[in-house]
Amino acid sequence: MNLELVSKSDYIVCLGAMISKDSPKMNDLIIEAIAKNSAEFIYMHPVDDIDVKLYCTQFVKYEVGSEEGILALLLEYFTKDRSDELEEYLSELDIGYISAESSAGEEEFEEMVEKSLNKTTKTIILGEDLFTHERVANISAMIKAFKEFSDFNIISLSDFILNANDELEDVAELKSYNGTVIYKYASNEDEFVYGSESFSKVAKVSNKDVISLNYGKQSIQRVFKLDKNLQGTIALCGVKADDESFLSQGYRYKQVKIEKVEE
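Scope of this entry: the structure provided in the associated data block. (Residues numbered from 1 in each chain as written. Predicted model: local features only at pLDDT ≥ 70, side-chain atom pairs only at ≥ 80, totals over all residues. Heavy atoms only, no water.)

**What about the packing of aromatic side chains?**
Overall, the coordinates contain 14 aromatic pairs when judged by the stated rule. For the ring pair Phe 41 and Tyr 55, a centre distance of 6.1 Å and an interplane angle of 15° mean the geometry is stacked. You can see Phe 41 sitting in strand S2 (residues 40-44) and its partner Tyr 55 sitting in the loop between helix H4 (50-53) and strand S3 (58-60), a full 14 residues away along the chain. Of the two residues, Phe 41 and Tyr 55, neither departs from the other in class, the shared state being buried. Grouped by ring-pair contacts, the aromatic residues Tyr 11, Phe 78, Phe 146 and Phe 152 constitute a single cluster. For Lys 21, the ring lying beneath its charged end belongs to Tyr 185, and the centroid distance is 4.6 Å. A cation sits over an aromatic face here: Lys 254 above Tyr 215, 5.9 Å from the ring centre. (Phe/Tyr/Trp six-rings, centres within 6.5 Å; stacked < 30°, edge-to-face > 60°. Helix = DSSP H or I, 4+ residues; strand = E, 2+ residues; numbered from the N terminus. Buried < 20%, exposed > 50% of the residue type's maximum accessible area, 1.4 Å probe, protein only. Lys NZ or Arg CZ within 6 Å of the ring centre and 35° of its normal.)

**As for unusual backbone geometry**
Phi is positive for Asp 81, close to 45°, though the residue is something other than glycine. Positionally, Asp 81 belongs in the loop between helix H5 (67-78) and helix H6 (84-92). The class of Asp 81 is exposed, set by a relative accessible area of 74%.

**A short note on the pattern of salt bridges**
Across all of its chains, the model carries 18 salt bridges by this definition. Here Lys 36 makes a salt bridge to Glu 32, at a shortest N to O gap of 3.0 Å. Placement of both Lys 36 and Glu 32 in helix H3 (residues 24-37) is noted, with a separation of four residues, approximately one turn of the helix. Overall, the relative accessible area of 60% leaves Lys 36 in the exposed class. Residue Glu 32 is classed as partly exposed on the basis of its relative accessible area of 28%. (Salt bridge = Lys/Arg side-chain N within 4 Å of Asp/Glu carboxyl O.)

**What about the sheet that holds S2?**
Spatially, five strands are ordered S3-S2-S1-S4-S5 in an open sheet, and the strand pairing comes out parallel. The sheet is open, and its two edges are formed by S3 and strand S5 (152-156), each paired on a single side. Taken pair by pair, the neighbouring strands of this sheet meet at an average axis angle of 15°, ignoring direction. Two strands pair when backbone bridges link them, and strand S1 (residues 11-15) and strand S4 (residues 122-126) are joined in this way by five bridges, in the parallel orientation. Bridging from a neighbouring strand, Tyr 11 pairs with Lys 122 of S4. Against the sheet, H5 touches S1, S2, S4 and S5, its axis set at about 155° to S1. (Pairing = 2+ DSSP bridges. Axes fitted to C-alpha atoms, helices over the stretch in contact; angles between N-to-C directions. Contact = heavy atoms within 4.5 Å.)

**Here we look at helix H8 (residues 106-116)**
Of the positions making up H8, those classed as buried are Glu 108, Phe 109, Met 112, Lys 115 and Ser 116. Down the axis, H8 shows its buried residues gathered within 115° of arc, on one side only. Residues of H8 that are exposed and point over 90 degrees away from its buried face: Glu 107 and Glu 114. Buried residues in H8 make contact with S1, S2, S3, H5 and S4. Trailing H8 by a residue or two, Asn 118 shows a phi angle of about 70°, which is positive. (Arc of directions from axis to C-beta.)

These results come straight from atomic positions and should not be treated as a statement about function.
What follows is the structure in structure tokens.
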């Protein structure tokens, strides 16, 4: 991972990572690039991160599970001198529909493009959300095409390795993540569930309640903490490195049923 490249960049996109928690060191390098190079920093994620929003120049919030669609939009707006195969692939996609399904407006990508003009060192940081997604094979193929036909440097925060197919597949229908959703991040300090007031109301739980997270036939208990800096119905849950619960299996987001544990 070429960390020095980030601090030298003047245009940075972060996709699929809650960067302040996933890589504090990378986060510091982004702040350094903003200070030294007047870098544009575009943060793309379903969770509002109030800390990052203080210094990012554009926040693109998309639907949980729509990373594949976001990559299709990046291919549409940022690739140049495309192969005939990529040109045909993109021409057959319904970009308007993908944008609407992903809740990331085409005008947001147009703004991203405008911010990229006259920038010389462009870098995209790709997070674990992409590589735990069930559509990871096609996502990897998209990343391969993006690397070949854009002028971005690509940095991955994941050690996931997959030999991507050369043939791109159509973007799959987006699955619904309604109700209460948990997003896991690595933490050796705590294993609380942090949620917004909206999450608290939907889950019918209060600050410091012991709650049960139910996923299929699996269940784990955590303490809920109200975080007024969070918005929406996606809660954050820290998990330790040796965690083997459903939270650490597969995609980082889990649609769960919440129950308050009565004392």
